[in-house]
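Each chain, letter by letter, is given below.
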Amino acid sequence: MMPVGLLPPMSQPRGDRRVHRTLADHHRPDRGRPVPLRPRPGRPARPPDGQADAQRLPFPDEGFDLVTCQFGAMFFPDRIGAFTEVRRVLAPGGRFLFNTWGPLGAHAFEVALQAGLERAFPVDPPQFLRTVPHGYADPTVVAADLAAAGFAVEDEQELTLQGRAASTADLAAGYLTGTPVRAAVEERGDGPAVRATVIEEMTARLGPGPVTAPMTAYVFRAAV
Ligand SMILES: C[S@@+](CC[C@H](N)C(=O)[O-])C[C@H]1O[C@@H](n2cnc3c(N)ncnc32)[C@H](O)[C@@H]1O
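A.B. asks: Would you take a moment to explain the overall build of the protein for this structure?
C.D. replies: Looking only at helices and strands, one finds 8 helices and 4 strands in the protein. Listing every helix and strand of the protein by position from the N terminus yields α-β-α-β-α-α-α-β-α-α-α-β. Scored against the burial criterion, the 224 residues of the protein give a buried share of 44%. Of the contacts made within the protein by residues no fewer than 6 positions apart, 82% connect residues no fewer than 24 positions apart. Summed over all atoms, the accessible surface of the protein reaches about 11,400 Å², with 53% contributed by carbon and sulfur.

This is the structure:
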């Protein structure tokens, strides 16, 4: 489930500190340099562990300065409800930092995968990629949902980075076995022929690999 808060002490491993500094940089945009976040009196010294439904956060009101969520919002059935919960647990002046994927067409690996799925299942191909991970890809809709939950969007950035995989066959195996695409394929009758067709189509589009392709996301910083 999603990470729901960050109030780190200064005894974090180096990698974690880098993440915190990056987050702190976002969190305190008015300052010229990254500022480590410190626990406040009466607040937890460490981020809480555990799982929770983002639409029903098990935390008191105004308990956090920062909530982050990486590639989770697209999955929430009630996004305004989840954002309203995030707002409830944020203290005055708090920030909500999260990202969403851009449209399917801006993610070259998944364009190739979707083409492979459509070739393997010409009738009723799986639509999971289009409707879920890439189904919340309009920043104006995201901003409207944030506003409905009482947030003001402070910053919104479109970010395109290069994804990398050792081979196209690895990429296909990862999607077909380690993501919800698996369930959609199994429902329709998975088998070696399906996987071979998907790999063939993806390889025709991407080459055998090592493979590099652009992936676009939006990053939002919203303020209470
Ligand atoms: C694409 S994964 C992202 C995982 C991780 N943050 C990352 O970037 O690798 C989406 C995550 O959203 C979580 N998720 C889906 N619905 C949720 C909900 N209602 N509340 C909390 N987490 C949820 C899933 O459990 C999953 O871990």
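Further notes follow.
A.B. asks: Explanation requested: the nonpolar core in the structure shown.
C.D. replies: Most often, soluble globular proteins have nonpolar side chains that are buried together. In this structure, Phe83, Phe96, Phe98, Leu146 and Phe151 are the most contacted members of the largest nonpolar core, which totals 26 residues. Where this core is concerned, the elements lending two or more residues are β1 (64-69), α2 (79-89), β2 (90-101), α5 (139-148) and β4 (211-223). Discounting residues that sit within four places of it in the chain, Phe98 has contacts with Cys69, Ala73, Phe83, Val142, Leu146, Tyr218, Val219 and Phe220. In terms of nonpolar packing, the next biggest core, distinct from the first, is built from 20 residues, Phe121, Leu129, Leu171 and Val194 among them.

A.B. asks: So what exactly am I meant to see when it comes to the side chain of Glu110 here?
C.D. replies: In this fold, Glu110 is placed in helix α3 (residues 108-120). Buried within the structure, Glu110 lacks any salt-bridge partner; its nearest side chain of opposite charge belongs to Arg130, at an N-O separation of 10 Å. Not counting the four nearest positions on each side in its chain, Glu110 is found in contact with Leu104, Leu129, His134 and Tyr175.

A.B. asks: Would you take a moment to explain the sheet that holds β4 for this structure?
C.D. replies: As a general point, the strands of a sheet are linked pairwise by backbone hydrogen bonds and lie either parallel or antiparallel. On the basis of which strands lie adjacent, the open sheet formed by 4 strands has the order β1-β2-β4-β3 and mixed pairing. On the outer flanks of this sheet lie β1 and β3 (152-165), each paired with one strand and no other. The average angle at which neighbouring strand axes cross in this sheet is 15 degrees, direction not considered. Relative to β4, β3 runs antiparallel, the two sharing 13 bridges.

A.B. asks: Can you help me understand the packing of aromatic side chains in this one?
C.D. replies: Remark: the centre distance and the inter-plane angle together describe each pair of aromatic rings, the angle taken between the planes. Evaluated as defined, the whole model comprises 8 aromatic pairs. Considering the side-chain rings of Phe71 and Trp101, the 4.0 Å spacing of their centres and the 10 degrees angle between planes classify their relative orientation as stacked. Taken together, the positions of Phe71 in the loop between β1 and α2 and Trp101 in strand β2 put the pair 30 residues apart, joining distant regions of the chain. The partly exposed category is assigned to Phe71, whose relative accessible area is 24%. Taking the centre distance of 5.7 Å and the plane angle of 35 degrees together, the rings of Phe96 and Phe151 count as tilted. Taken together, the positions of Phe96 in strand β2 and Phe151 in the loop between α5 and β3 put the pair 55 residues apart, joining distant regions of the chain. The residues Phe96 and Phe151 share a single accessibility class, namely buried. Through pairs of rings, three or more aromatic residues link up here, namely Phe83, Phe96, Phe98, Phe151 and Phe220. Over the ring of Tyr136 we find Arg79, and its NZ or CZ is 3.9 Å from the ring centre.

A.B. asks: Please explain the packing of α3 against helix α8 (residues 192-206) as it appears in this structure.
C.D. replies: Each pair of packed helices gets described by two things: the angle between the helix axes and the distance between those axes. Two numbers describe how α3 lies on α8: the axes approach to 8 Å, and their chain directions differ by 135 degrees. Regarding the angle of α3 to α8, the classification is oblique. Between α3 and α8 lies a crossing whose hand is right-handed. In this structure, α3 uses Ala108, Phe109, Val111, Ala112, Leu113, Ala115, Gly116, Leu117, Arg119 and Ala120 to contact α8, whose residues at the interface are Val194, Thr197, Val198, Glu200, Glu201, Met202, Arg205 and Leu206. Partitioned by chemical class, the residues of the contact of α3 with α8 number 12 nonpolar, 2 polar and 4 charged.

Criteria and cut-off values
Residues numbered from 1 in each chain as written. Predicted model: local features only at pLDDT ≥ 70, side-chain atom pairs only at ≥ 80, totals over all residues. Heavy atoms only, no water. Helix = DSSP H or I, 4+ residues; strand = E, 2+ residues; numbered from the N terminus. Buried < 20%, exposed > 50% of the residue type's maximum accessible area, 1.4 Å probe, protein only. Contact = heavy atoms within 4.5 Å. Areas by Shrake-Rupley, 256 points an atom, 1.4 Å probe, with all protein chains shown as cover. Core = buried A, V, L, I, M, F, W, Y, C linked by side-chain atoms within 4.5 Å. Lys, Arg positive; Asp, Glu negative; His and termini not counted. Salt bridge = Lys/Arg side-chain N within 4 Å of Asp/Glu carboxyl O. Pairing = 2+ DSSP bridges. Axes fitted to C-alpha atoms, helices over the stretch in contact; angles between N-to-C directions. Phe/Tyr/Trp six-rings, centres within 6.5 Å; stacked < 30°, edge-to-face > 60°. Lys NZ or Arg CZ within 6 Å of the ring centre and 35° of its normal. Parallel < 35°, antiparallel > 145°, perpendicular 65-115°, else oblique. Left-handed = near helix turned anticlockwise from the far one by under 90°. Nonpolar A, V, L, I, M, F, W, Y, C, P; charged D, E, K, R; others polar.

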